[in-house]
Amino acid sequence: MSSTKIHSLPAAPALPAALASLDALVHSAQDALVRDRSGARKVGYLCNYTPIELLDAAGVLHARLFKGGDTARAAAGEFYTQSVFCDFTKSCIGAFEQGDPLYKAFDKVYSFHTCATMKRAAEVIELFTPTRLLNVPKLRKHDDSRRFFREEVLSFRDDLAALTGNAPVSADALSAAIRERNALRRLLRQISELRRRALPPLSGRQFADIARAYYYVPPALLRPALEEILAAAGATGGAGAAAAGATPIRLLAAGSIIADGDRRILEIVEEELGARIVIEDNCAGARPFHSLVREDGDPFAALADGYLDQSPCARQRPFEDALEFSARLAEQYAVEGVLYVFLKFCACYGVVQKQFIERFNAAGLPVLALSSDYSESDRGQLLTRIEAFIEVLREKRLFAPPPAEPETAGTAANRI
Amino acid sequence: MSSTFTETEKLRATAGISAAHTAAEQQPDLYNARDEHPFSPTVVELGDLARNWSLETIERLVREDGRRAVWGGFAWDSPLFRATDTIPVSIMELWRKDSHLAEHIAESDYQIPAEFCSMIKTMAGRWHLLKAEQSPIKRILAFSSGCEPIGMVIEHARAQGYEVHTLEGATAFRVGERSDAAVKLLAGEIAKAAEWLQGAPLDDDRLAAEIHLKNEALRKVARILELRLKRPHLVGSLPAMWLLGGTGGFFGNQKKFFEILDRLIAELEAAVQVPDNRPYLPLILAGGPPGGLSFFKLLEQNNAVLVGFVLLGTALYREDVPPREALAHYLFESQLRGELGEATGASALLRRRGIEALIEKTGAKGLISSAVTACPYASLVQQLERNYFRQQGVPIVALEHTVHNDPITEEQTMKIKAFLEQLTGEAR
C-alpha cells in the first residue's frame, strides 16, 4: 500500500488554525442552541430542500438534523422503523429516542418532503416534538410546480410566524437573508474549487467539516470564518506545487448523504489510502452550494425557484439532471474515478445505481459502488475494495498520458 | 413443432428458473383464485369477471381493437382513465406472472440491491420482460407522491424506452391543514395528464359522469360489505376483495360489474332476513393479503372473516366541486385516512384512525397488519400500529409477505393460527 505521506500537502500554518476555529464555532453554535434561554424559538429541519433563509429571517435558532455515523443511535431508531430504513433515517429518529440534547432542544421540526423515508421519519419524530411536513415538488422545471412551491414557502413563513409569535417575515427581511446565504454559498463554492488544483489544499474530510458548519453556525459568524479558511487554503500549495511531488488519486464521492459524523469512508480513502475526495455529489458536501438564489424580484418566488433549481437530489425530475450534474462535476474537478456511495435501503441512490455507473463509465470513469451503513463490521472489506480500486486507478495513471492541469478556481465558476 | 422461444422463455432458461417448476410451486394469484364455497352463482360470475380481466386480455384489446391502455390509473385516478377512454393497467399485473424471474432480472440486469422489496424489483424486471416480448402497452402514468423506490424503478422503465408522464405530487400531511394550493396544483396536473392520455383536452362533464359512476359502484360495494356483517359467511373474504378491487376499473365491463353488484345486494338483502348465529371472528386487514390464496383458506378454516379493509376503501368522491378538484380532494382525504398505500403517499401515522373507525363500525375483534417484506414504509406503519393498538387493547398480528404467489409459509401459518386461537379463546 502506498504511504499517505507521499500525497500529503504541507498546509499553510493558518489553515489548521482556521479549521480548528470553525470546528469550535460549530460546537459553540450547537451549545448555544441547547442552552439558550432568551425565549428565541428553536427549530430543527431534515433536508437541505428546507429554505433556511426563512429561518434566518424569522429570528429562530436552527440546525439541520443530520448527525449520523453512530451505530447505537441508528439502532435506537429501530424501535420504530425496524431494520429496513437507511441508517441515516434511523439515526434521525434514534437521536430523539436517545434524548440527544440538541434534538431535544427543538420547539419544532420541519420536514420538507423529499424521500418517503424521511417523510416517515418526520411522522415518527412527531411523537417527540411538534413536526410540520411540507411538500417539495419533484418536477423542478415546471411552472406550476414552482408556483406551488412558492405557496408552500409562504405556508412555512406563516407557520414560523405562529411559532415565534412575530409578524410574518417581510419581503425585505427575506431578501437580506437571501443575500447573506448567497454570500456563504459563494464562499463555500470558492473553497471547494480550490480542490480543482492538481494538489488540492483541502481533503474531502476537511471540506465535509467545513460544509457542515453551514447548517449549524449563524451566517454572521460563519462568513468571517469561511473567509479565513478561503484565504488560508488559497495560500496553500497552488498549481505549481503539483510538480514538486506525486499527486493524489482524485475521486468524486457521489450518492447518498454522508452525514455529520459519518466519516468512515473518507477516513479509509484519505487517511489510510492517501487518495483524495476532491468533490462530492451528495447533499452534505459541495452540491448545495453550486447555485444561488435569485436576489431580485419577489423573494418568495426566488426562494422557491432557487431551491428547485439547486443541483438536484436524484428524487427530482427530470432524473437526467442528477446524472448530468454528477458527470459535469467529475469533469470539472478532473477526477480519475468515482466512489458511488449509497446507504443500504436508500431508494434514491440504491435503486438507480446502474444508471449513475453507466453515465460515469460513458465519461471514461471507473466506478466503485459501495453500499454503506454505520456499522464497523465491514470496515475491513471496505478497505480491501477501496484499496484495490485505487490501485487500479494508479495503474491506469501509469499508462495514461499526463493529465492536463485542472481548471483553477473561478475559471469555470458558473458552468455548473 | 415450432422451435422458437419467447424472450421470457430464453431469460427464464438463462436464469435457471423453470416455468413448470415455478407454476407448480406457486398458487393462483388473487384474481385467478376461486371461491370454493360460493354462496350463489353471482359470486362465481364475479370471480370469472375478475379472472378474465388480465394483462393478456388488455394487450389483446390494444392489439386487436386499437384500444388505448396505460400502466397506472387503478385507484384514485380511475375516473380520469375512463373519462379519457384509456384502460388502466394495475401495477399488480406486474407480479401476477413470472415474478421470480422478474425479481432475478431486477437484481442482475438493473443492479437493484437485494435488500429492496420484491414489489419494486418485480416491477423493474417485468417491465423489462414485457418490453422484450413487445407488449403493446408502452406508457406509464407516474405519480410523484408515491414512494421513491417506485419512482426510481419507473426511471429504469423510462430508460428502457417506456413513455412516462409524471403527475406532480402533493401530499396532505395533517387533517385540517389548508389544501387550496395543493388541490389547485393537482387539478391542473389532472388536466395535463388527460391531454397526455388521450391527446385532447379533458372533458370535464365526462369526468364528472365517471366520478358519479364510481361513486355508485362504491355505494353498492359499501352496501354489500354492510349486509355481509349480518351474514358474514355468505360472501367470503376473497370475493370481498374482488369487489373492492373491481371499483378501480370495473374489470373492464362496467355493465356486468354493476349487474353483479345489484344482484348480490338483492341476494344478501333476502338472506339477512334469516339470522345466522354461527360464531365467527370478524377481523380487519390493513395492507395486502399475506400469503395470497392460502391466507384466505386459513381464515375460512378458522371461521375468521375479513370485515374491514384498509388498503382500498369505500369513501366517496365529492360531487359538489368541479370534477378535477374532486379527484384531488379524494386523493388527499385518502392519504389522511392512510388508504391507497405507499403508491399514493398515504400517511403512516394516521392510518390507525381509519382502522379504529372500521373496528367501531364492524365490531372487528382483531387486526391483521400486513406489509411487503423490506418495504420500509409499511414496516414503520406496522410498528406504529403494533405499539398503538397494544396500548388500546386491540389484538394485532403483524405479518410480512412478498408479492410472489407463493403459498403461505409455515411460520406465517403458525403465527396466524396462534393469533386466531388467541382471539377464539378470548371470544369464549
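Scroll up to find the structure.
Everything quoted here is computed from the prediction, not taken from an experiment.

**Q** Would you mind showing me how to read the nonpolar core here?
**A** One broad trend across soluble globular proteins is that nonpolar side chains are buried collectively. Membership of the largest hydrophobic core comes to 212 residues, with the highest contact counts inside it found for Phe 88 and Phe 356 of chain A together with Trp 71 and Trp 127 of chain B. Non-local contacts of Trp 127 of chain B, meaning those with residues more than four positions away in its chain, are made with Trp 71, Leu 94, Ile 140, Val 153, Ile 154, Ala 157 and Tyr 162 of chain B. Formed by 36 residues, the second largest nonpolar core is a distinct cluster that contains Trp 76, Leu 80, Ala 172 and Ile 211 of chain B.

**Q** I'm lost on the packing of aromatic side chains in this one. Help?
**A** To describe a pair of aromatic rings, one takes the distance between the centres and the angle between the planes. Across all of its chains, the model carries 30 aromatic pairs over all chains by this definition. Judged by centre distance (5.1 Å) and plane angle (70 degrees), the rings of Phe 66 of chain A and Tyr 215 of chain A are edge-to-face. Of this pair, Phe 66 of chain A sits in the loop between β2 (61-64) and α3 (71-81) while Tyr 215 of chain A sits in the loop between α9 (204-213) and α10 (219-234), and the two are 149 residues apart along the sequence. Overall, the relative accessible area of 2% leaves Tyr 215 of chain A in the buried class. Taking the centre distance of 6.0 Å and the plane angle of 50 degrees together, the rings of Tyr 340 of chain A and Phe 342 of chain A count as tilted. Taken together through their ring pairs, the aromatic side chains of Phe 79, Tyr 80, Phe 96, Tyr 103, Phe 106 and Phe 128 of chain A make up a single cluster. The ring of Tyr 110 of chain B carries the charged tip of Lys 354 of chain A above its face, separated from the ring centre by 4.8 Å.

**Q** Can you walk me through the interface of chain B and chain A in this structure?
**A** A common way to report how large an interface is uses the accessible area buried once the components associate. Each partner contributes residues to the interface: chain B has 53 residues there, and chain A has 51 residues. The junction of chain B with chain A conceals about 4,200 Å² of combined surface from both sides, 56% of it contributed by carbon and sulfur atoms. A per-residue breakdown of the area chain B buries against chain A is headed by Glu 148, Met 152 and Phe 173 of chain B, which together make up 16% of the total. Summed over the shared surface of chain B and chain A, the number is six salt bridges. Measuring nitrogen to oxygen at the nearest pair gives 3.4 Å for the salt bridge that ties Lys 138 of chain A to Glu 148 of chain B.

**Q** Got a minute to help me understand the sheet that holds strand β7 (residues 366-372) of chain B in this structure?
**A** Within a beta sheet, neighbouring strands are joined by backbone hydrogen bonds and run either parallel or antiparallel to one another. Residue and element names in this part refer to chain B. Taken together, four strands build an open sheet; the order of strands is β6-β5-β7-β8 and the sheet is parallel. The open sheet has two edge strands with one neighbour each: β6 (304-309) and β8 (396-401). Taken over all neighbouring pairs, the strand axes of this sheet differ in orientation by 30 degrees on average, direction set aside. As defined by bridge partners, strand β5 (residues 281-286) adjoins β6 across five bridges and the pair is classed as parallel. Bridge pairing in β6 links Pro 282 to Val 305. Sitting on the sheet, helix α11 (residues 237-246) touches β5 and β6, and the angle it makes with β6 is about 20 degrees. Relative to β6, helix α13 (residues 292-301) is tilted by about 120 degrees, and along the sheet it contacts β5, β6 and β7.

About the cut-offs
- Residue positions within a chain follow its written sequence, with the count starting from 1.
- Labels are handed out in written order, letters beginning with A for the chains and numbers beginning with 1 for the ligands.
- Owing to the predicted nature of the model, reporting of local features is limited to residues with pLDDT of at least 70; listing and counting of side-chain atom pairs is limited to 80 or more, with chain, interface and lining totals taken over all residues.
- The basis for every side-chain value is the complete set of non-hydrogen atoms in the structure, without hydrogens or water.
- Among buried residues, the Ala, Val, Leu, Ile, Met, Phe, Trp, Tyr and Cys ones that are joined through side-chain atoms within 4.5 Å form a nonpolar core.
- Exposed residues in this analysis have more than 50% of their type's maximum accessible area, buried residues have under 20%, and partly exposed residues fall in between, with area computed by a 1.4 Å probe over protein chains only.
- Should any heavy atoms of two residues lie within 4.5 Å, those residues are counted as being in contact.
- Pairs were defined over the aromatic rings of Phe, Tyr and Trp, the Trp ring being its six-membered one, requiring ring centres within 6.5 Å. Orientation was assigned from the angle between planes: stacked under 30 degrees, edge-to-face over 60, tilted for the rest.
- What counts as a helix is a DSSP run of H or I of at least four residues, what counts as a strand is a run of E of at least two, and both are numbered from the N terminus.
- We call a charge positioned above a ring when the Lys NZ or Arg CZ atom is no farther than 6 Å from the ring centre and deviates by at most 35 degrees from the ring normal.
- Reported buried area values correspond to the accessible surface (1.4 Å probe) lost by two parts on association, with both partners' losses combined.
- Within this document, salt bridges are pairs made up of a side-chain nitrogen of Lys or Arg and a carboxyl oxygen of Asp or Glu, the two lying within 4 Å of each other.
- Pairing between strands is defined by DSSP: at least two bridges between the two strands are required.
- Helix axes are fitted only over the stretch in contact, all axes being lines through C-alpha atoms; the angle between N-to-C directions runs from 0 to 180 degrees.

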